[in-house]
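Single-letter residue listing:
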Amino acid sequence: MTGDAAPAARFESTVEQYAVYRPEYPDAPLDSLRERFGLDGTGRLLDLGCGTGRLGVALAPDVAQVVGVDPNEAMVEHARERASVANAANTEWRVGSDADLPEMGEDLDPLRLTVMGRSFHWMNQERTLEELHDFTEPGGGVALLHDTEWLARGTADWEDAVYDVVSTYLDDPPKRTGPVEYDDSWVDKLAAHGFDGAEERVFEVDREWDADGVVGYLLSLSFCSPAILGEDRDAFERDVRAALAEFETPHEEEADVRVVAGER
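Note that the coordinates shown come from a computational prediction; the quantities given were computed from them, not determined experimentally. (Residues numbered from 1 in each chain as written. Predicted model: local features only at pLDDT ≥ 70, side-chain atom pairs only at ≥ 80, totals over all residues. Heavy atoms only, no water.)

Draft legend 1. Region of interest: the overall build of the chain. Within the chain one finds 13 helices and 7 strands. Relative to the 2.2 N^0.38 estimate, which gives 18 Å for 264 residues, the radius of gyration of the chain is 19 Å and therefore close to what a compact globule would have. Dimensions along the principal axes, computed over C-alpha positions, put the chain at roughly 55 × 35 × 30 Å. Here the chain holds 264 residues, and the buried ones make up 53% of them. Across the chain, the fraction of contacts at a sequence separation of at least 24, relative to all contacts at a separation of at least 6, is 80%. Of the side chains in the chain, 23 bear a positive and 58 a negative charge, and the two mean positions are spaced by 2 Å. (Helix = DSSP H or I, 4+ residues; strand = E, 2+ residues; numbered from the N terminus. Rg over C-alpha atoms; globule rule 2.2 N^0.38 Å. Buried < 20%, exposed > 50% of the residue type's maximum accessible area, 1.4 Å probe, protein only. Contact = heavy atoms within 4.5 Å. Lys, Arg positive; Asp, Glu negative; His and termini not counted. Charge placed at Lys NZ, Arg CZ, Asp CG, Glu CD.)

Encoded structure:
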């Protein structure tokens, strides 16, 4: 989600799948943010790289205002629809990126909390944290959320079978490594930019998938999007479903959601 259009363009053909098939955040990591940052129905929350608005809408009842920002206009439209369905009238959705933070500063200041769900890796990280520190009220903070990407990290047999299909259609699929040890680079970055008590918390979650969910999730990935697959999309979907048919349903995933957060 840098200032150029590249990330938005990469997700252009994934929007419908992204809105429907990306997993929701479980309650536990969101409850941890509510408790740590005293979300009591007051204050302003920035959902930076908001995508289809999952985080912002989920936390809308806990703040006075949510501002969601994403470079992809179609994602922003889905966020507006999600907010409307949830009756989250205290939300505002804008097309933009981390590069626009200086221009938005007067509208955002002060911020109780900034959340970034699966988006921080797209950004100019050091610059973004510097600017957010200036806009964040004392006691407020920043929270970075990400979770297991099962195609590369999972260990289940059905995940192996799906990866084998994906690797036949993509020239450069992500390496399938299984579980990895995460370093604390994001923790260190928050601490280096003035966010105290920076730490990572891990929340385990078990998910169940059916064939529609697996196919939809794969098509929501920027490297496996409908635009990337092109004319091979139908064959790809057929082969994924055939591979999954060899396994009992539902297809179980052992995942975790990680929250890196710090206070100003």
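Draft legend 2. View of unusual backbone geometry. The step from D109 to P110 runs through a cis peptide bond, and the omega angle for that step is 0°. With respect to the element layout, P110 can be found in the loop between helix 6 (101-108) and strand 4 (111-117). Of note, the bond from T249 into P250 is cis; its omega dihedral lies within 30 degrees of zero at 0°. The residue P250 is located in the loop between helix 13 (233-244) and strand 7 (251-263) in this model. Its identity is not glycine, yet N87 carries a phi of approximately 55°, on the positive side.

Draft legend 3. Representation of the sheet that holds strand 5 (residues 136-147) in the model. Pairing is mixed in the open sheet, where 7 strands are placed in the order 3-2-1-4-5-7-6. Of all strands in the sheet, those bounded by a partner on one side alone are strand 3 (91-95) and strand 6 (196-209). If you compare each strand with its neighbour and ignore which way they point, the axes differ by 20° on average. Taken together, the 12 bridges between strand 6 and strand 7 define a ladder with antiparallel strand orientation. The residue of strand 7 that forms the bridge with V202 is R258. (Pairing = 2+ DSSP bridges. Axes fitted to C-alpha atoms, helices over the stretch in contact; angles between N-to-C directions.)

Draft legend 4. Looking closely at empty space enclosed by the protein. Inspection of the entire model under this criterion finds 2 cavities of 30 Å³ or more. As a volume, the second largest cavity reaches approximately 110 Å³. Around the second largest cavity, the lining comprises 13 residues; the ones closest to its centre are Y18, Y25, C50, R54 and G117. Class assignment of the residues belonging to the lining of the second largest cavity gives a composition of 4 nonpolar, 5 polar and 4 charged. (1 Å grid on protein atoms, 1.4 Å probe; cavity = no way out; pocket = protein on both sides within 12 Å on 5 of 7 lines; lining within 4 Å. Points joined across faces, edges and corners; volume = space filled by probe spheres on them. Nonpolar A, V, L, I, M, F, W, Y, C, P; charged D, E, K, R; others polar.)

Draft legend 5. Structural context of the packing of helix 9 (residues 157-169) against helix 13. Between helix 9 and helix 13, the least distance of the axes is 9 Å, while the angle of their chain directions is 155°. Relative to helix 13, helix 9 is oriented roughly antiparallel. In the packing of helix 9 onto helix 13, the handedness of the crossing is right-handed. Counted together, W158, A161, V162, V165, V166 and Y169 of helix 9 and A235, F236, D239, V240, A243 and L244 of helix 13 form the full contact between these two elements. (Parallel < 35°, antiparallel > 145°, perpendicular 65-115°, else oblique. Left-handed = near helix turned anticlockwise from the far one by under 90°.)

Draft legend 6. Inspection of helix 13 at higher detail. Compared with an ideal rise of 1.5 Å per residue, which puts 12 residues at 16 Å, helix 13 spans 17 Å between its outermost C-alpha atoms and is within 8% of the ideal. What helix 13 keeps buried is the set A235, F236, E237, V240, A243 and L244. (Expected span 1.5 Å × (residues − 1).)

Draft legend 7. Examining the pattern of salt bridges more closely. In total, this model carries 22 salt bridges according to the counting rule given. Close ionic contact of K189 with E126 constitutes a salt bridge, the shortest N to O distance being 3.7 Å. Residue K189 is found in helix 10 (residues 185-192), and its partner E126 is found in helix 7 (residues 125-135); the two are separated by 63 residues along the sequence. Classification of E126 as partly exposed rests on a relative accessible area of 36%. Notably, a salt bridge pairs R207 with E253, separated by 3.7 Å at the nearest N-O pair. Taken together, the residues span a long stretch of sequence, with R207 in strand 6 and E253 in strand 7 at a distance of 46 residues. Note on R207: relative accessible area 10%, which makes it buried. One network of salt bridges, with partners in common, ties together R118, D147, R207 and E253. (Salt bridge = Lys/Arg side-chain N within 4 Å of Asp/Glu carboxyl O.)

Function-wise, these values are silent; they only describe arrangement.
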